[in-house]
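# Close look at the chain arrangement
So the chains spell out like this:
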Amino acid sequence: MMPDKCSVMEEGKQCVNPPEFIVSIVDGTDEYMFGLTCQKHKSVVTGKLGILQSEGKIHNGKISFTPVKSVGTDCVHGDVDDLVQIDMNKL
Ligand SMILES: [Zn+2]
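Quick look at the structure, then. The structure presented is a predicted model; accordingly, all values stated were derived computationally and were not measured.

## Observations concerning the overall build of the protein
- Within the protein one finds two helices and six strands.
- Shown N-terminal to C-terminal, the secondary structure of the protein runs as helices and strands in the order β-β-β-β-α-β-α-β.
- Going through the 91 residues of the protein one by one, you find that 21% of them count as buried.

Take a look at the structure:
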């Protein structure tokens, strides 16, 4: 099952918005699922991933947002256990 909340944590509190986009990093033919975000946190997540990429902590590649609704929870590939909590306090 997909988590039903945005992955962003702000000031120690989990964002309670429903996820609207699946965040992934596309590196050539590979796609790494990273987390979920709501519309509000989309730009924040983009910035955060850019920082992590520049620090070499995550895969380099294009940051991709796939609308959750068009994918459908049944056909999402990737291991949900790999999803990370995006803690904004560590920015
Ligand atoms: Zn959010």
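## Structural notes on unusual backbone geometry
- Phi angles above zero are rare outside glycine, and Glu-11 is one such case at about 50°.
- Relative to the helices and strands, Glu-11 resides in the loop between β1 (8-10) and β2 (13-14).

## Brief notes about the nonpolar core
- Ranked by size, the top nonpolar core spans eleven residues in total: Cys-6, Val-8, Cys-15, Phe-21, Ile-22, Val-23, Phe-34, Leu-36, Cys-38, Val-45 and Leu-49.
- Every element with two or more residues in this core is listed here: β3 (21-27), β4 (30-37) and α1 (42-54).
- When near neighbours in sequence (up to four residues on either side) are disregarded, Leu-36 contacts Pro-3, Cys-6, Ser-7, Pro-19, Ile-22 and Val-23.

Here is what the cut-offs are and how they apply
Residues numbered from 1 in each chain as written. Predicted model: local features only at pLDDT ≥ 70, side-chain atom pairs only at ≥ 80, totals over all residues. Helix = DSSP H or I, 4+ residues; strand = E, 2+ residues; numbered from the N terminus. Buried ≥ 20, exposed ≤ 12 C-beta atoms within 10 Å, placed from the backbone. Core = buried A, V, L, I, M, F, W, Y, C linked by C-beta atoms within 7 Å. Contact = placed C-beta atoms within 7 Å.

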